[in-house]
Amino acid sequence: MDQSSPPGLQGLADRKATRGPNLVTPNQPIVFDEEACTGCNLCIEACPIDVLVPQASPGAVPLVLYPDECWYCGCCEMRCPEYDAGAIRINFPLMQRARWKRRATGEHFRLGMKNPPPPNTRPPV
Amino acid sequence: MDTPDDNAAWPYPVTYGDEVEVEADVLILGGGASGCSAALAAARAGARVVVLDKGATRYSGAAGSGFDHWMDCPSNPASTVDPEHYTRMPIDDYKGGYGNYISTYITARDSYDVLLELEQLGMQIRDVNDEFVGAPFRDEQTKLLYAYDYTTRNCLRVWGTGLKPALFNALRRNRVQVLERTMATALLTENGTVGSRVIGCTAVNVRTGAFLVCKAKAVVMCMATPERLWIFSSELTGLVGRDGPPTNAGNGHAMAFRAGAEFARMESSTHEEWGGATGIGTVMFGSGSNFASWYPCSIVDANGKEVPWLGKGGQPLETVAERTNPRPEDGFFHLVLGPEEGQAPSIPQLIPDLQERIEQGEYTLPLYANLPGMPAADRRAIFGLMIGQEGHTWTVYRQLTQAGFDPDKDQLQVYERGNAPLGWRRLRYGAMTHDWTLKTTLDGLWAAGQQVFDGIGVAQACSTGRWAGTHAAEFASDIAHAPIVRSQVDAEKARVYGPVMRDDGVSWKELSGGIAKVMQEYCGDRKNETLMRIGLRYLEELKEAEATTLCARNPHELMRAIEALDILTCCEMIMHASLARQASCSWLFFERLDFPDDDPAAWHKWVTIRLEGDRVVAGDLALDYAGDLERNYARHNRTSVEA
């Protein structure tokens, strides 16, 4: 029987399985952009819960050591000097993302959707 | 995603057991809104002040990431309500007298002065950019913005993300010594005995594990009420309780109880229903609502049909303006939670039978917050000011708008408890009893913020903090340090470091889950003596068995382990208080199956508990022990302009 791979599955037979780690939470509450983050660690000092710890190498992005203890308050983002450059983002759990409906058209949207509408650039008050 | 290496070295130097000593005139425990306010007041009164905060003081506490309402402010110039009436009406009419007249009145009198002080420190309290010119909730002269009640004007809309940074910077300018990542573990008492004067505390650094002994002439307890007592699961969405941060583990309650302080209202503690740990909750303020930050947002069903609102007298309200302007016979609107689940009877609300009418097909799920249907100024105030300044919402505003959400066009879906009637789970607050100076029953120990029973809100936290800090400084100016008793310190050291002496054993998470199960089984919504006696027995067993095998691999886990032990103490306190009140009381959301009569006259009082030696002693206190509000306030006022 011809066992040629369907599209997108080239190399499937060589994929390795690992033991884990078996993560303590399904969520990734804080995501860093390694390019934009300068490793200043101000977010570590801002977090009231101590979710983050510094990495051994200077300038590296902080380690999210206790993701299960995060309560998504956003103080790390508020403190980040490179927020606008995308250095850090709170990542709401998939089970907790807001959904909305456009009144005029009845279209449905959600946070994290594949083809989102253009950003609303109006700043808060 | 980075995955931590299990065997990697701890990133901070570890110095378990190393002892540091500090000395303060006034020691503040907890660095949230109340703690920082107490510290600032004590420093301004000339005291040498030390703050211990297990978090990061710039952002710690329930208001750490922001807040949007400055409640309880009838002292502001636009209010038409007398502070005494403002204090008494909600407690008398909606709490059956089971409220804190002292702290509410102090807040009603002082909170505008406190707000002006915060403005001086750099927090924005006015619409300085004139974004809301002409809005019905704006005072054109002062540029102050009001919430809920645009006629009588007792609650302000403010820029609360600036609160903690402003307070934190002020502490540094006033030479307050702030020791962050430092968790207080026990109060030290004169001669080391329960019930004696408080003379300091012990603490542990949650990064290095170093030990700290702090000697103090006066201590102000400013830590939060305990959470995650009945429901615990950290895996789903974090350690999210409904009201406060995961640092709220009742450390202050537990250590003050162990030192002999008297507590009231602990039997009124109820479980958190909406925390992320249940798997039901949503990101706070990040879904459509008509309540709190979202008041008075219109709610529509899937077909755009509006859900009607009812006024305070039960009359239908046709317009948004009617939701924010009481009729003369309504008095004033006040966000007080009544005895009915999810209801705030002193403000307009949605029809109470919404759930039934959904079931009968009158409204079609899902429901939406109809921001585009709101007047432009109210819409911008809700989504732009409130959502933007409330705790968590700096992020919520940015995430939603970056994803294209536009309040001018979009209706945000409502998720509250799977579309049950909108509203709040009743809040639960038991804490230390206190006199008019906010001194507790222990000499040398004051209470502020959530340590004041029935305390709620940032205005109350800051106002009671300022009041208590001032009185503590006055006491400290006239008294010497008392000698620390070494054996008391050593006993606490042995307790604190137990978990890091073990290589394996029970984790803080498993212990927390075990405690929660005992509370679910034996101290739930319906209680009786048999249940609670068995429950106390099982809490005791947890203490003797699993708690003695509690294991922590680093100072951070040690913090969580000590929290779990403190939660265990808080659960015992709740069971003892619940046993002591031998009557049901719907005002306190308290149901005893073996004493079904609701609030009988003989039990219409506070029931108190305290430790005497190693025995729990119950007592009582008249509900109106505050006496004459105006006279007692004047007698004890050291802070406001009239002093």
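Attention here is on the structure that accompanies the text. (Residues numbered from 1 in each chain as written. Chains lettered and ligands numbered in written order. Predicted model: local features only at pLDDT ≥ 70, side-chain atom pairs only at ≥ 80, totals over all residues.)

**Comments concerning the overall build of chain A**
Each helix and strand in chain A was counted, giving two helices and six strands. At 19 Å, chain A has a C-alpha radius of gyration far larger than the 14 Å of a compact globule built from 125 residues. When its C-alpha atoms are laid out on the principal axes, chain A stretches across 65 × 50 × 25 Å. The long-range fraction of contacts in chain A, counting pairs at least 24 apart against all pairs at least 6 apart in sequence, stands at 48%. (Helix = DSSP H or I, 4+ residues; strand = E, 2+ residues; numbered from the N terminus. Rg over C-alpha atoms; globule rule 2.2 N^0.38 Å. Contact = placed C-beta atoms within 7 Å.)

**Some details on the overall build of chain B**
A count of helices and strands for chain B gives 16 helices and 22 strands. Here the C-alpha atoms of chain B give a radius of gyration of 24 Å, agreeing with the 26 Å that 2.2 N^0.38 yields for 643 residues. Within chain B, the proportion of its 643 residues that are buried is 58%. Considering only contacts within chain B whose residues lie at least 6 apart along the sequence, 75% involve residues at least 24 apart. (Buried ≥ 20, exposed ≤ 12 C-beta atoms within 10 Å, placed from the backbone.)

**A closer look at helix H1 (residues 33-44) of chain B**
All names here are of chain B. Over its twelve residues, H1 extends 17 Å from the first C-alpha to the last, a length consistent with the 16 Å expected when each residue adds 1.5 Å. When you tally the buried positions in H1, you get eleven out of twelve residues, the bulk of the element. Every buried residue belonging to H1 is among Ala33, Ser34, Gly35, Cys36, Ser37, Ala38, Ala39, Leu40, Ala41, Ala42 and Ala43, and all of these are buried. (Expected span 1.5 Å × (residues − 1).)

**Focus on the interface of chain A and chain B**
Chain A puts 49 residues into the contact, and the matching count from chain B is 55 residues. Of all the secondary-structure elements, those providing two or more residues to the side of chain A that touches chain B are helix H1 (42-46), strand S3 (63-64), helix H2 (75-79) and strand S5 (99-102) of chain A. At four residues, the largest contribution of residues to the side of chain A that touches chain B is made by S5(A).

**Digging into the sheet that holds strand S12 (residues 309-310) of chain B**
Residues and elements named next belong to chain B. The three strands lie next to each other as S13-S12-S14, forming an open sheet whose pairing is antiparallel. Each edge of the open sheet carries a strand with a single partner, namely strand S13 (316-317) and strand S14 (349-350). Summarising the sheet, S12 and S14 pair through two bridges and their orientation is antiparallel. Across the sheet, residue Trp309 finds its bridge partner in S14, namely Leu350. (Pairing = 2+ DSSP bridges.)

**What about the pairing of strand S22 (residues 615-621) of chain B?**
Residue and element names in this part refer to chain B. As judged from the seven bridges shared by strand S21 (residues 606-612) and S22, these two strands associate in the antiparallel manner. Residue pairing in the sheet places Arg610 in a bridge with Val617 of S22. The antiparallel pairing of S21 with S22 creates a hairpin that spans two residues between the two strands, and Gly613 there sits at a positive phi of about 65°.

**Some details on the sheet that holds strand S5 (residues 156-157) of chain B**
All names here are of chain B. The strand order across the open sheet built from three strands is S3-S5-S4, with neighbouring strands paired in antiparallel fashion. Where the open sheet ends on each side, the last strands, each with one partner, are strand S3 (69-70) and strand S4 (145-146). In the sheet, S3 pairs with S5 via two bridges, with the strands oriented antiparallel. Counterpart to Trp70 in the pairing with S5 is Leu156.

**Overview of the pairing of strand S7 (residues 182-189) of chain B**
Residues and elements named next belong to chain B. Extensive coverage of S7 is indicated by the burial of eight of its eight residues. The pairing of S7 with strand S8 (residues 198-205) spans seven bridges and is antiparallel. Opposite Thr182, over in S8, you have Asn205 as the bridge partner.

**A short note on unusual backbone geometry**
Residue and element names in this part refer to chain B. Geometrically, the link from Tyr295 to Pro296 is a cis peptide bond, its omega value of 0° lying close to zero. Within the fold, Pro296 resides in the loop between strand S10 (263-264) and strand S11 (299-300). Cis geometry is found at the peptide bond from Leu365 to Pro366, where omega equals 0°. Mapped onto the elements of the fold, Pro366 is located in the loop between helix H7 (354-359) and strand S15 (368-369). With phi around 55°, Arg181 is a residue other than glycine that occupies positive phi space. Tracing the chain through its elements places Arg181 in the loop between strand S6 (177-179) and S7. Take Arg181: there are 22 C-beta atoms within 10 Å of it, and that puts it in the buried class.

**Details of the packing of helix H2 (residues 83-94) of chain B against helix H3 (residues 101-121) of chain B**
Residue and element names in this part refer to chain B. H3 packs onto H2 with a crossing angle of 145° between their chain directions and a minimal axis gap of 9 Å. When the axes of H2 and H3 are compared, the crossing they make is right-handed. Mapping the contact onto sequence places Pro83, Tyr86, Thr87 and Ile91 in H2 and Tyr101, Thr104, Tyr105, Ala108 and Arg109 in H3. In terms of residue class, the contact of H2 with H3 is built from six nonpolar, two polar and one charged. (Axes fitted to C-alpha atoms, helices over the stretch in contact; angles between N-to-C directions. Left-handed = near helix turned anticlockwise from the far one by under 90°. Nonpolar A, V, L, I, M, F, W, Y, C, P; charged D, E, K, R; others polar.)

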